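Working through the structure, step by step
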Amino acid sequence: ITQIGSYSANTSPNYLTISPSSNFVYVSNSDINLITAFSMDSGTGNLTPVPGSPFATGLGVAGTATDPNSHYLYAANNSDNTVSAYAINSGNGALTPIVGSPYPLGTASGPRAIASDPTGAFLYVANQGTNNVSAFTISASTGQLSQINSGTPYAAGTSPIFIMAEPSGQFLYVGNQGSTNITGYTYDSATGKLTAISGSPFSLGSAPGGLTIAH
């Protein structure tokens, strides 16, 4: 590995998301409630600040995620229990708040991590404060969110801080730092409803710090 360069991402950089198009990089800055955005040179990997960056979020912004088509970016706001939604300018990566954003989580609190399913139809939020997962449908045309009501929020382990959708579009996994395990779900491709996998949760070592699914 050879270092390409060093780039300023403001204070308290927390989570980093690369758009599936590989054109843009977004970094959440939790202490100052901002997202720092860069365009990425596909040949060299060099980063250039996006026009208008940084972009305002809710309080205590944590995890971020894009839809698979790089049309929208979503951010979990840990301190005010909302999800911010943005349209991504495909030309320069600039973010524009979507109508209705930020979206409240209702009874859930402490959203920490966030993930889209591989089709871009659903968005899932791991709530560290209430040990559960909120689920939303994503409007393909506008990026607006609608909370899935059936069975939500879905129970997870203690202090869920990581969430990831499996690439084939069948399973969703949540890493629970407090209970040192992983909760696994299947999800309905038509409704987004989650169902716990048999045998879940799955035990881990102490204080898990990340989650990755092999492709």
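Up top is the structure.
Given the structure is predicted, the values throughout are model-derived calculations rather than measurements. The residue numbers shown here count from 1 along each chain, following its written sequence. For this predicted model, a pLDDT threshold of at least 70 governs which residues receive local features, and a threshold of 80 or more governs which side-chain atom pairs are given and counted, while totals over whole chains, interfaces and linings are taken from all residues. Heavy atoms throughout the structure, all of them, feed into the side-chain values; hydrogens and water do not.

1. Quick look at the overall build of the protein chain
If you tally the helices and strands in the protein chain, you get zero helices and 20 strands. The globule rule used here is 2.2 Å times the number of residues to the 0.38 power, and the radius of gyration it is set against is calculated over C-alpha atoms. In summary, the protein chain has a C-alpha radius of gyration of 16 Å against a globular reference of 17 Å for 215 residues, a match within 12%. Counting only C-alpha atoms, the protein chain reaches 45 × 40 × 30 Å along its principal axes. In the protein chain, buried positions account for 47% of the 215 residues. Sequence separation of at least 24 residues holds for 41% of the intrachain contacts in the protein chain that already meet a minimum separation of 6. Helix and strand assignments follow DSSP, with helices taken as H or I runs no shorter than four residues and strands as E runs no shorter than two, numbered in order from the N terminus. In this scheme, a residue with accessible area under 20% of its type's maximum is buried, one over 50% is exposed, and one in between is partly exposed, where area comes from a 1.4 Å probe on protein chains only. What makes two residues a contact is simply this: any of their non-hydrogen atoms within 4.5 Å.

2. Considerations on the packing of aromatic side chains
Whether two aromatic rings pair depends on their centres lying within 6.5 Å, for rings of Phe, Tyr and Trp, where Trp uses its six-membered ring; planes under 30 degrees apart make the pair stacked, over 60 edge-to-face, and the rest tilted. All chains considered together, the criterion is met by two aromatic pairs. With centroids separated by 5.7 Å and ring planes inclined at 50°, the aromatic side chains of Tyr-124 and Tyr-187 adopt a geometry described as tilted. One end of the pair, Tyr-124, is in strand E12 (residues 122-127); the other, Tyr-187, is in strand E18 (residues 181-187), with 63 residues separating them in the sequence. For the pair Tyr-124 and Tyr-187, a shared accessibility class is recorded, and that class is buried. Between Phe-171 and Tyr-173, the ring centres sit 6.5 Å apart and the planes meet at 45°, which makes this aromatic pair tilted. On the accessibility criterion, Phe-171 (24% relative accessible area) is partly exposed.

3. Focus on the pairing of strand E16 (residues 160-165)
Of all the six residues making up E16, five are buried; the element is thus mostly covered by neighbouring parts of the structure. Between any two strands, pairing holds if DSSP finds at least two bridges. Sheet topology note: the E16/strand E17 (residues 171-176) ladder contains five bridges and is antiparallel. Each bridged residue has a counterpart across the sheet, and for Phe-162 the counterpart in E17 is Gly-175. Hairpin connection, E16 to E17: the antiparallel pair is bridged by five residues, and Gly-169 has positive phi, about 85°.

4. Regarding the side chain of Thr-64
Mapped onto the secondary structure, Thr-64 falls in strand E6 (residues 61-66). Using a relative accessible area of 8% as the deciding quantity, one classes Thr-64 as buried. For this analysis, a polar contact is any N or O atom pair within 3.5 Å, provided that within protein one partner can donate a hydrogen and the other can accept it, and provided that sequence-adjacent residues contribute only side-chain to side-chain pairs. In this structure the side chain of Thr-64 is engaged in a polar contact, spanning 2.6 Å, whose partner is the side chain of Thr-17. Dropping the residues within four chain positions of it, Thr-64 is found in contact with Tyr-15, Thr-17, Tyr-26, Ser-28, Ile-35, Leu-73, Tyr-74, Ala-75 and Ile-114.

5. Some thoughts on the pairing of strand E8 (residues 82-88)
Remember that side chains alternate between the two faces of the sheet whenever the strand is regular. Taken across its seven residues, E8 has six buried, putting it largely inside the fold. Two strands pair when backbone bridges link them, and strand E7 (residues 72-77) and E8 are joined in this way by six bridges, in the antiparallel orientation. Looking at the pairing, Tyr-72 lines up with Ala-87 of E8. Taking the residues that link successive antiparallel strands as the turn, the E7-E8 hairpin has four residues, and the phi of Asn-81 there is positive, at about 60°. Looking at chain direction, E8 and strand E10 (residues 103-104) are connected through two bridges and run antiparallel. Of the residues in E10, the one forming a bridge with Thr-82 is Pro-104. As paired strands, E8 and strand E9 (residues 95-97) are joined by three bridges and run antiparallel to one another. Bridge pairing links Ile-88 to Leu-95 in E9.

6. Description of the nonpolar core
Only buried Ala, Val, Leu, Ile, Met, Phe, Trp, Tyr and Cys residues count toward a nonpolar core, and they belong to the same one when joined by side-chain atoms within 4.5 Å. In this structure, Tyr-124, Val-133, Ile-163, Leu-172, Tyr-185 and Leu-194 are the most contacted members of the largest nonpolar core, which totals 17 residues. Contributing elements (two or more residues each) for this core: strand E11 (111-116), E12, strand E13 (132-138), E16, E17 and E18. Sequence-distant contacts of Tyr-185, defined by excluding residues within four places in its chain, comprise Val-133, Tyr-154, Ala-155, Ala-156, Gln-170, Phe-171, Leu-172, Val-174, Leu-194, Thr-195, Ala-196 and Ile-197. Counting 16 residues, the second-largest nonpolar core is a separate cluster that includes Ala-65, Tyr-72, Ile-98 and Tyr-103.

7. Looking at the environment of Ser-8
Position of Ser-8 among the secondary structure elements: in the segment before strand E1 (13-18). Residue Ser-8 is classed as exposed on the basis of its relative accessible area, which comes to 62%. Ignoring anything within four residues of it in the chain, the contact list for Ser-8 reads Thr-36 and Phe-38.

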